[in-house]
There are 2 protein chains.
Amino acid sequence: MVASEGAQPGGLAVRVTADASSRRVRLDLAYDGAAFFGAQVQSGRRTVGSELSVALERVTGRAIPVTFAGRTDRGVHADGQVAHGDVASPLPDERLLKALNAVLPTDLAIWRLQTVHGAFHARYDARWREYRYQVWNAPVRHPALARQVWHIVRSLDPVALDAATARLLGEHDFAAFAGQGLGVPGRVQVRSTVRAVHAVRWLVRTPAHPDSAGRVLEFRIRANGFLPQMVRTIVGAAIEVGSGKRTPEWFESVLRRRNRALAPAPAPPQGLSLWRVGYAGCDQPSAVGAILADGQAGGTTDEQAES
Amino acid sequence: MVASEGAQPGGLAVRVTADASSRRVRLDLAYDGAAFFGAQVQSGRRTVGSELSVALERVTGRAIPVTFAGRTDRGVHADGQVAHGDVASPLPDERLLKALNAVLPTDLAIWRLQTVHGAFHARYDARWREYRYQVWNAPVRHPALARQVWHIVRSLDPVALDAATARLLGEHDFAAFAGQGLGVPGRVQVRSTVRAVHAVRWLVRTPAHPDSAGRVLEFRIRANGFLPQMVRTIVGAAIEVGSGKRTPEWFESVLRRRNRALAPAPAPPQGLSLWRVGYAGCDQPSAVGAILADGQAGGTTDEQAES
């Protein structure tokens, strides 16, 4: 299924699907990233993309490539990943959803499947992405949460965490927090490292068990796009401030100097989840709005969003 | 380390530890049951007891048997399991706790270790146990919750669930919900199947993700003791009522007839956790009191508590 450029009556060039008998579907996905080598298809490795492709082939007879709103690294989870693909299937949306979930592995689920217009693009049409990072701050690890948190023993101050990450709001050059060599000074950068952060927030959650001597510190960040390992590197640096080792001013100076070498190692992948992706015309539910104050409707970027 | 009967000056027979150089410790444990063949030591199998024994041997030089407040079956979790053992170690409690957690596997943690009087017995001294069972009620499975819930697609009515399980309150013969042949009519029962339920409650919890078309239905039950598979069989029967297939009166009649054959199969193990164990003199924190209305301080039973 090849996407090609076409011309509408109005003369506006849009991407259309090549095969008239197929339709474009948007998939909203959740997965436990522990056993995946990330989202994107990689030869010989188990990825979200390869499992989706196998399921689509079993249900529709054809292995269809899917395009994701954002990359997720090996071990990173998703609650609200979005993908699109062009399927040729007589099944209506609801039955196609059930058929796919019936053959997908248990660590991957499509929780919504909708037929969309043929020009919908999960990555390019995304206006914002929101990530969640969870820290278990307690003297002892938490076996039930272990797969979804970074366990930190030393005491963390949520006010200091907030003071650090509040500096990220607005448009900045995030080279200091970029992986894959993007933040190395002096290198010729083909890709911009400027992104606009709409909202950041740390939430303190007490686990249900009354004797738990610990709490979950949950970081949320929404931006128009993300650089490789950006969220995990931000969290790694914020934790230095939260534990009192560094100041919020240090955090800001790292950001300003745009040098990846000044920030610490990224936080481990299992704490991270691609939480939500926003599209024009899709209202963000009030629940997220309430949590994240209110991200101003920022501009989008065509670049790859990943973390 | 052999426990023997002794006589105190007052003439009261108590269990004392045989070795004066050792001390009795109470361990409060949490574990992810997925990779354990239950709590009790079984030859050649990975159990919570065998992992604890290995850790105690590495830290104290001796493989010490531990006694649990309640058995947990293969695949059943614990948030508040309690155990005791007699350790000979010069380390104070806090350092012993750290040393043990450092060598225990990641799916098992001791979150509290306290030296207790030599007559403390994790099983016999327990006044009540509380279990939690979690159901994910939604059209699509939830990868992040999959290891800790029973996924039920058909819609469940929390009011009907409550109406069914409210019949369990008070002292009853629970043979209808007992595994291991205890509920087979006509058999000579060496063990009583009478237990006193102090509190039951269904909680409806909406997951954090705003687009989740589903909810967690959480069952809590507190009793002086439990029969094998009792909680899981109760949940299996309650779900029949919650889905509208059966009535609360049917549920009550199953209880009254004391015949295991009348109740459905037990709910799967991964939804269950031994949530909390109560002891005389240990106040139950208000959080649990609030959740469970208030279990009247019921009598205890010397029998094995398990589920």
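Residues numbered from 1 in each chain as written. Chains lettered and ligands numbered in written order. Predicted model: local features only at pLDDT ≥ 70, side-chain atom pairs only at ≥ 80, totals over all residues. Heavy atoms only, no water.

Student: A description of the pattern of salt bridges should follow, citing residues and the corresponding values.
Tutor: Taken as a whole, this structure holds 36 salt bridges over all chains when the rule is applied. The residue Arg-46 of chain B makes a salt bridge to Glu-51 of chain B at a minimum N-O spacing of 2.9 Å. Given a relative accessible area of 25%, Arg-46 of chain B falls into the partly exposed group. Here Asp-107 of chain B makes a salt bridge to Arg-46 of chain B, at a shortest N to O gap of 2.9 Å. Note that Asp-107 of chain B is positioned in the loop between helix 2 (93-103) and strand 6 (108-116) and Arg-46 of chain B in the loop between strand 3 (23-31) and helix 1 (48-60), a separation of 61 residues in sequence. Here the salt bridges share partners, and the residues they tie into one network are Glu-130, Arg-132, Arg-205, Glu-218, Arg-220 and Arg-222 of chain A. (Salt bridge = Lys/Arg side-chain N within 4 Å of Asp/Glu carboxyl O. Buried < 20%, exposed > 50% of the residue type's maximum accessible area, 1.4 Å probe, protein only. Helix = DSSP H or I, 4+ residues; strand = E, 2+ residues; numbered from the N terminus.)

Student: Can you explain the confidence of the model for chain A? Please cite residues and give values.
Tutor: Detailed reading of the predicted coordinates is not advisable wherever pLDDT is low. Scored by pLDDT, chain A comes out at a mean of 86, with 85% of its residues at no less than 70. Mean pLDDT across the secondary structure elements of chain A bottoms out at helix 6 (residues 286-291) of chain A, with 36, and peaks at helix 4 (residues 230-242) of chain A, with 98. (pLDDT = per-residue confidence, 0-100.)

Student: Residue-level account of the interface of chain A and chain B, with values.
Tutor: Many descriptions give the size of an interface as the accessible area lost when the pieces come together. At the interface, 32 residues of chain A touch 32 residues of chain B. For the pair chain A and chain B, the two sides together bury roughly 2,600 Å², of which 60% comes from carbon and sulfur. Interface area lost by chain A to chain B is led by Arg-141, Pro-143 and His-209 of chain A, which between them contribute 25%. At the boundary of chain A and chain B, one finds 12 residue pairs in polar contact (both at pLDDT 80 or more). Broken down by secondary-structure element, the contributors of at least two residues to the side of chain A that touches chain B are strand 3 (23-31), strand 5 (77-87), strand 6 (108-116), strand 12 (272-279) and helix 6 of chain A. Split by residue class, the side of chain A that touches chain B holds 17 nonpolar, 6 polar and 9 charged. (Contact = heavy atoms within 4.5 Å. Buried area = accessible area lost by both parts, 1.4 Å probe. Polar contact = N/O pair within 3.5 Å; in protein donor to acceptor, adjacent residues only side chain to side chain. Nonpolar A, V, L, I, M, F, W, Y, C, P; charged D, E, K, R; others polar.)

Student: I'd like to hear about the UniProt feature "binding site: substrate" (unreviewed entry) in chain A, residue by residue, with values.
Tutor: All names here are of chain A. Listed under "binding site: substrate" (unreviewed entry) in the UniProt record, and renumbered for this structure, are Tyr-131. Tracing the sequence through the fold places Tyr-131 in strand 7 (residues 126-137). Judged by its relative accessible area of 0%, Tyr-131 falls in the buried class. (UniProt positions renumbered as here; feature names shortened; annotations may be inferred.)

Student: Can you lay out the nonpolar core for me, pointing to particular residues and giving the numbers?
Tutor: A general feature of soluble globular proteins is that nonpolar side chains tend to end up buried together. All names here are of chain B. In this structure, Leu-29, Phe-177, Ile-221 and Phe-251 are the most contacted members of the largest nonpolar core, which totals 71 residues. Considering each element in turn, this core owes the most residues, 8 residues, to helix 4 (residues 230-242). Discounting chain neighbours no more than four positions away, the residues touching Leu-29 are Val-48, Leu-52, Phe-68, Ala-78, Asp-79, Gly-80, Gln-81, Ala-83, Leu-108, Ala-109, Ile-110 and Trp-111. (Core = buried A, V, L, I, M, F, W, Y, C linked by side-chain atoms within 4.5 Å.)

Student: Explain the UniProt feature "active site" (unreviewed entry) in chain A to me, using residue names and the numbers behind them.
Tutor: All names here are of chain A. The UniProt entry lists Asp-73 under the feature "active site" (unreviewed entry), expressed in the numbering used here. Tracing the backbone shows Asp-73 in the loop between strand 4 (67-68) and strand 5. When its relative accessible area of 22% is taken as the criterion, Asp-73 is described as partly exposed.

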